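A look at the structure
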Amino acid sequence: MIRYKKLGYIALNVTDVERSAHFYRDMVCLDQVGEINEDVAFLSSSSDYHNLMLNKSDKPGLKRIGFELESTKEWENAFELLKKEGYDPVEVDKEERALLKIDKAFRFRDPNGVTFEFYNKMMQRAKPYEPSPVRVLKLDHVVLRVPNLQDTVRFFNEVLNFKISDTRHKPDGEMYFAFMRCFPNPFHHSFGISQGDDLRMFHIAYKVEDINDIGIARNRLINLDVPVIFGPGRHLASGSIFMYFLDPDGLTLEYTQDMEEFPEENPREPRMLDHTLRTTDLWEGASDPRIGKVGHVEV
Ligand SMILES: CC(C)c1ccc(C(=O)O)c(O)c1O
Ligand SMILES: [Fe+2]
């Protein structure tokens, strides 16, 4: 079965690369890596060369999701498994891997047509990542809305070896959300899937050091006229403190901290959580209707 190191990077489509690159650098506190031009920009939230790629598009949202596998051997095994399962993995050509600073990579589409890239390792930066004033620790998770949740969860669980940490259910018992771990990465979810009418990126989340970073970020973003649209609050599922805000295209971002971690051996059972506000936010805050509204997925 496939073993992952982490959610490695997100490639976003944005309408103005320079505007968004400055936002993710100056407001979100990521490191700009290399030059920004009107077509592409790279930013990092770790020692990796990048964890966020911005691409110019008239449809803001998700281009693809990159997962780093545990080793080159795991990458080779994953390629063979996806080929055998009929998901037609295609290796990324040398020129593009040079741009991404990645050693080996292949791409495939999930049952919804979303492009995933699995890679073995990315070039590391000598310059340490020391974000300020918000101490971002890492790219934390990405959540998609998909038309067929059951099939999607089954694919990620049974084919890609993602583990289910918790699910959420409507009053009639129908599952409408799944929080998934890229095993054996311990965090409650690196990947979340929600039932939706159409395919859409809901949000991407960054982990911050502690509650002070959430507080500092809230007041700083509000003072700089960045829409803070939900939180601070506490999610029951992962136990994390959260706050959502919008990027210049209206894409939804989340700062999160204190997410539950699972052991590789004998993890707790996934819970069936309800649909109530208290499960979404133990502090019962109100969320802004703009949450998750913009997020075209390139297929
Ligand atoms: C409101 C969204 C879908 C949500 C719910 C719960 C968690 C969590 O438990 O961490 C999230 O990260 C969310 O984004
Ligand atoms: Fe989230």
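Computed from a predicted structure; not experimentally measured.

Once that is clear, we can look at the site of ligand 1. For ligand 1, the set of nearby residues contains 13 residues, the closest of which are His-189, His-203, His-235, Ser-238 and Tyr-244. At 2.8 Å from an oxygen atom of ligand 1 is found a side-chain nitrogen or oxygen belonging to His-203. Ser-240 places a side-chain nitrogen or oxygen 3.5 Å from an oxygen atom of ligand 1. When each cavity is represented as a set of grid points, ligand 1 is found to reside in the largest pocket. Counting only elements with at least two residues in the shell around ligand 1, the list comes to β11 (175–182) and β13 (200–208).

In this section: the coordination of the iron ion (ligand 2). Only His-141 (NE2), His-203 (NE2) and Glu-254 (OE) from the protein reach the iron ion (ligand 2) as donors, at distances of 2.0 to 2.2 Å. The sequence motif formed by the donor residues of the iron ion (ligand 2) is H-x61-H-x50-E. Of the two residues, His-203 sits in strand β13 while Glu-254 sits in strand β16 (residues 252–257), which places them 51 residues apart along the sequence. Residue Glu-254 is classed as buried on the basis of its relative accessible area, which comes to 1%.

Interface size is commonly expressed as the accessible surface area that is lost when the partners come together. The assigned domain composition of the protein is domain 1 (4–119) and domain 2 (136–297). Of the residues lining the interface, 41 residues belong to domain 1; the matching set on domain 2 comes to 44 residues. Across the interface of domain 1 and domain 2, roughly 3300 Å² is buried in total on both sides, 69% from carbon and sulfur atoms. It is Tyr-4, Met-27 and Asn-112 that lose the most area in domain 1 upon contact with domain 2, and together they represent 19% of the buried surface on that side. Taken together, domain 1 and domain 2 are joined by 1 salt bridge.

Let us look at the pairing of strand β14 (residues 228–234). A regular strand carries its side chains on alternate faces of the sheet. One ladder, built from 4 bridges, connects β14 with strand β15 (residues 241–246); its direction is antiparallel. If you follow Phe-230 over to β15, its bridge partner there is Tyr-244. Hairpin connection of β14 to β15: 6 residues between the antiparallel strands, including Gly-239 at a positive phi of 80°.

Glancing now at the layout of surface pockets. Volume-wise, the largest pocket comes out at about 450 Å³. In this structure, the largest pocket is lined by 24 residues; those nearest its centre are Arg-168, Phe-177, Phe-202, Tyr-244 and Thr-280. Elements supplying a minimum of two residues to the lining of the largest pocket: β9 (136–146), β11, β13 and α6 (277–280). Looking at the lining of the largest pocket residue by residue, the classes come out as 10 nonpolar, 10 polar and 4 charged.

Let us now look at the sheet that holds β9. Spatial ordering of the open sheet is given by β14-β15-β16-β13-β9-β12-β11-β10-β17, a layout of 9 strands whose pairing is mixed. The sheet terminates laterally at β14 and β17 (271–273), the two strands that pair on one side only. Across the sheet, the mean angle from the axis of one strand to that of its neighbour is 20°, orientation sign disregarded. Strand contacts of helix α4 (residues 149–159): β9, β10 (162–169), β11 and β12 (191–195), with the helix running at about 15° to β11, the strand carrying the most contacts.

One pass over the full model with this rule turns up 28 salt bridges. Of the charged contacts in the structure, one is a salt bridge between Arg-64 and Glu-117, with a shortest N-O distance of 3.3 Å. Of the two residues, Arg-64 sits in strand β5 (residues 61–69) while Glu-117 sits in strand β8 (residues 115–119), which places them 53 residues apart along the sequence. Both residues of the pair, Arg-64 and Glu-117, belong to the buried class. We note a salt bridge from Asp-151 to Arg-154, for which the minimum N-O separation is 2.9 Å.

Our focus in this paragraph is the environment of Gly-239. The topology assignment puts Gly-239 in the loop between β14 and β15. Sequence-wise, Gly-239 and Asp-281 are 42 residues apart; in three dimensions their C-alpha atoms are separated by 9.5 Å.

Once that is clear, we can look at the packing of aromatic side chains. This structure, assessed with the given rule, holds 29 aromatic pairs. Ring centres of Phe-116 and Phe-191 lie 5.8 Å apart, and the angle between their planes is 80°; this geometry places the pair in the edge-to-face category. Separated by 75 residues along the polypeptide, Phe-116 in strand β8 and Phe-191 in strand β12 bring together distant segments of the chain. Both residues of the pair, Phe-116 and Phe-191, belong to the buried class.

Rules used in this analysis
Residues numbered from 1 in each chain as written. Chains lettered and ligands numbered in written order. Predicted model: local features only at pLDDT ≥ 70, side-chain atom pairs only at ≥ 80, totals over all residues. Heavy atoms only, no water. Near = heavy atom within 4 Å. Polar contact = N/O pair within 3.5 Å; in protein donor to acceptor, adjacent residues only side chain to side chain. 1 Å grid on protein atoms, 1.4 Å probe; cavity = no way out; pocket = protein on both sides within 12 Å on 5 of 7 lines; lining within 4 Å. Sits in = over half its atoms within 2 Å of the grid points. Helix = DSSP H or I, 4+ residues; strand = E, 2+ residues; numbered from the N terminus. Donors = N, O, S within 2.8 Å, 3.2 Å for Na, K, Ca; no water. Buried < 20%, exposed > 50% of the residue type's maximum accessible area, 1.4 Å probe, protein only. Domains from an automatic or database assignment. Contact = heavy atoms within 4.5 Å. Buried area = accessible area lost by both parts, 1.4 Å probe. Salt bridge = Lys/Arg side-chain N within 4 Å of Asp/Glu carboxyl O. Pairing = 2+ DSSP bridges. Points joined across faces, edges and corners; volume = space filled by probe spheres on them. Nonpolar A, V, L, I, M, F, W, Y, C, P; charged D, E, K, R; others polar. Axes fitted to C-alpha atoms, helices over the stretch in contact; angles between N-to-C directions. Phe/Tyr/Trp six-rings, centres within 6.5 Å; stacked < 30°, edge-to-face > 60°.

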